[in-house]
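Working through the structure, step by step
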Amino acid sequence: MLKDLLTLIPYIRRYFWTYVAGCLCLLASNGLALLIPWLTKQTIEHLQYVRQANELARPHLFAILILVVAAVQMVIRIGSRWFLLGNSRKVAHDMRNNLFAHLQTLNPSYYIQMPTGDLMSRTINDMQYVQSLVGPVILYVTSTLIMYIGAIPIMLSMSARLTLLALIPYPLFMVIFKRFASELFSRSKTVQERLADVSTQAQESMSGIQIIKAYVQEESQSRHFEKLSRNYFDSNIGLIKVHSLLTPMIRAVGAIGMLVIISYGGASVIAGRITLGEFVAFSGYLAILAMPTAFLGMIISASQRGLSSLRRVNEVFQAQPTITDTERTTPFVIEHGEIEVQDLSFAYPSIENGNNGRFALRNLSFSIPAGSTVAIVGHTGSGKTTLVHLIARLLEIEPGKIFIDGRDITSIPLAELRSKLALVPQESFLFSLTLRENISFGSADGEGSVVEKAARLAGLEPDISGFPSGLETIIGERGINLSGGQRQRTALARALAANPTILILDDAFSSVDTHTEEQVLKNLRQVLKERTTIMISHRISTVKDADKILVMEEGQIVEEGSHESLIQLKGIYADLYEKQLLMEELEEL
Ligand SMILES: Nc1ncnc2c1ncn2[C@@H]1O[C@H](COP(=O)(O)OP(=O)(O)OP(=O)(O)O)[C@@H](O)[C@H]1O
Ligand SMILES: [Mg+2]
């Protein structure tokens, strides 16, 4: 627990003096608040005195004094909140930014193990609770301490017995309020979760409306939504039930204190053990303590919750990127793009078996001369994507397996590898930005002709001319939707704009029709000549012109050679080719 709290120090240190200022304000405002019952006591004693001595009473002077004290106290109180609560927002803001930056450094494999929803809840909900830990919790704990340390000696000096009697039930109140707070928190958490269910369902129904309509599921969807909405409503009512008890409970605490004071304190006044002024001041102090006491229970709950959230956030911070530059990394420049793979095996770490999952790749060895084009074909699940992800170092790999220009890739600076190697992934991901920004995403400058040239090479030109604002058209939710093939070609243009030495296309034409694909490949011919290319495809027509074709089956290379030699081999490749020829003929019929 302490270790988790220590992680907050660098953040808090940055705003140390504002924290100090906030605590000083708190000290001043609470001090003034404690002055008010004392002034009331002075007023009463003054009135008693003037009545006995038959002098002129000046209660208005006391009234004005009390008013001034209360007003100054109010202003300083606002200051304390401004400093302390403002700080908590700044700390949470810094921490959230660091967390996000940290998440950007982690391996893609981290995201496979960690569900996105979980990460979202850690960066948003948990950060909210951490924020309350570094602001409201500090504020209320300090404030309560000051109140107790200030009020109790004053009360004791007036009547020790009355003080003890009045404060006896307070620890019990604290326990009750702590229980109450846990209930309140768990119910408000339920409300949040139910609201998340409702909004997820609403979002899915809207984006999946075509499928819902196609399968005539409107009514069942509505029913499902109604059920979720009802759950949300019920949980809200449940929260309100508990919440509405809060103020009456705080009042009750005050009332019980008053009961003690009036019954025992009243008797003390009559017996002359305390003055009337002290009696009134006493009830004032007890009223001042009622609120912080009630809140203390809730604060304990909030700190517990804040701490467990802090632990969850720290768990993300502790995750280390395993794919980084290490002490073995030395400066290197990829010039030619020759690739060599030696006896490469790979298993995805799986949750059940640790690192001993089933092998996705087994004992692969091959080489790709600089500037040549190698194609990889194979059934789905044969390991093609895994192989290229290892070459791009998106997956963790041991040294001595993959070499580029003769250098082990685990010792090539990552920035160099990433700037010279571009991968068009199987599932193209586009951002809700303009087409130009999407294409220039990985390249140094998005200006000028680079983007236009890349778009032209990727065969996007005819499509772009049909868009409302050409390359400046925003795509995604806020703009226009692209077709699957357009998305793929945009991703291809992004890779080309980065001007890579090594280009990897992972099934990058799967949604593009054969005619367009042929056109794009023709455009690319000149570009591909100058770079090393790995081209994965299910279509023989795409790969048949490659310098070399690798056929993969269950993580192994089972055939290797040119199109002609593989046809003569009459193996898997030849079989695939015949089937596809037949399909084409059938389609033409
Ligand atoms: N993140 C992962 N975690 C665990 N296993 C995985 C993961 N990704 C892929 N696999 C497994 O590794 C094997 C190879 O998958 P891979 O994606 O490399 O196949 P592929 O040849 O690219 O298939 P496709 O042609 O369908 O794209 C499969 O058995 C798959 O289930
Ligand atoms: Mg794949």
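Scoring rules and cut-offs
Residues numbered from 1 in each chain as written. Chains lettered and ligands numbered in written order. Predicted model: local features only at pLDDT ≥ 70, side-chain atom pairs only at ≥ 80, totals over all residues. Heavy atoms only, no water. UniProt positions renumbered as here; feature names shortened; annotations may be inferred. Phe/Tyr/Trp six-rings, centres within 6.5 Å; stacked < 30°, edge-to-face > 60°. Buried < 20%, exposed > 50% of the residue type's maximum accessible area, 1.4 Å probe, protein only. Lys NZ or Arg CZ within 6 Å of the ring centre and 35° of its normal. Domains from an automatic or database assignment. Near = heavy atom within 4 Å. Polar contact = N/O pair within 3.5 Å; in protein donor to acceptor, adjacent residues only side chain to side chain. Helix = DSSP H or I, 4+ residues; strand = E, 2+ residues; numbered from the N terminus. Nonpolar A, V, L, I, M, F, W, Y, C, P; charged D, E, K, R; others polar. Donors = N, O, S within 2.8 Å, 3.2 Å for Na, K, Ca; no water. Axes fitted to C-alpha atoms, helices over the stretch in contact; angles between N-to-C directions. Parallel < 35°, antiparallel > 145°, perpendicular 65-115°, else oblique. Contact = heavy atoms within 4.5 Å.

Going by what an unreviewed UniProt entry lists, the chain is known as ABC transporter ATP-binding protein and is assigned to Abyssobacteria bacterium. UniProt, in its Subcellular location (unreviewed entry) section for the chain, records the words "Cell membrane".

This paragraph deals with the packing of aromatic side chains. Applying the stated rule across the entire model yields 9 aromatic pairs. Taking 5.4 Å as the distance between ring centres and 65° as the angle between the ring planes, the aromatic pair formed by Trp82 and Phe83 counts as edge-to-face. We classify Trp82 as exposed; its relative accessible area is 64%. When its relative accessible area of 23% is taken as the criterion, Phe83 is described as partly exposed. Ring plane angle 85° and centroid distance 5.1 Å describe the contact between Phe346 and Tyr348, whose orientation is recorded as edge-to-face. Here Phe346 falls in the buried class, since its relative accessible area comes to 9%. Among the aromatic residues, those joined into a cluster by ring pairs are Phe429, Phe431 and Phe441. Just above the ring of Phe185 sits the side chain of Arg305; from NZ or CZ to the centre is 3.7 Å.

The next thing to look at is the domain arrangement of the chain. Each domain of the chain was delimited in the assignment, giving domain 1 (2-317) and domain 2 (339-426 + 501-588). The centre of domain 1, based on its C-alpha atoms, is set 60 Å off from the matching centre of domain 2.

Turning to the site of ligand 1, a few remarks are in order. Surrounding ligand 1, one finds 14 residues, the nearest of these being Thr380, Lys384, Thr385, Thr386 and Gln426. In the model, an oxygen atom of ligand 1 is placed 2.6 Å from a nitrogen or oxygen of the Thr385 side chain. Measuring from an oxygen atom of ligand 1, one finds a side-chain N or O atom of Gln426 at 2.6 Å. It is helix α14 (residues 384-391) that provides the largest number of residues to the shell around ligand 1, a total of 3 residues. The residue inventory of the shell around ligand 1, partitioned by class, reads 3 nonpolar, 9 polar and 2 charged.

Another point: the environment of Ile64. Relative to the helices and strands, Ile64 is located in helix α4 (residues 59-105). In this structure, the C-alpha to C-alpha distance between Ile64 and Glu588, residues 524 residues apart in sequence, is 99 Å.

Our next topic: the coordination of the magnesium ion (ligand 2). Ligation of the magnesium ion (ligand 2) by protein atoms is provided by Thr385 (OG1) and Gln426 (OE1), these donors lying 1.8 to 2.3 Å from the ion. Of this pair, Thr385 sits in helix α14 while Gln426 sits in the loop between β6 (421-424) and α16 (435-439); the two residues are 41 residues apart in sequence, bridging distant segments of the chain. For Thr385, a relative accessible area of 22% puts it in the partly exposed group. You can call Gln426 partly exposed: its relative accessible area is 35%.

Let's shift gears to the packing of helix α6 (residues 116-134) against helix α7 (residues 136-158). Relative orientation of the contacting elements α6 and α7 amounts to 30°, with a least axis distance of 3 Å. In terms of their interaxial angle, α6 and α7 are classed as roughly parallel. Where α6 abuts α7, its residues Gln131, Ser132, Leu133 and Val134 lie against Pro136, Val137 and Ile138. Residues belonging to the contact of α6 with α7 are distributed by class as follows: 5 nonpolar, 2 polar and no charged.

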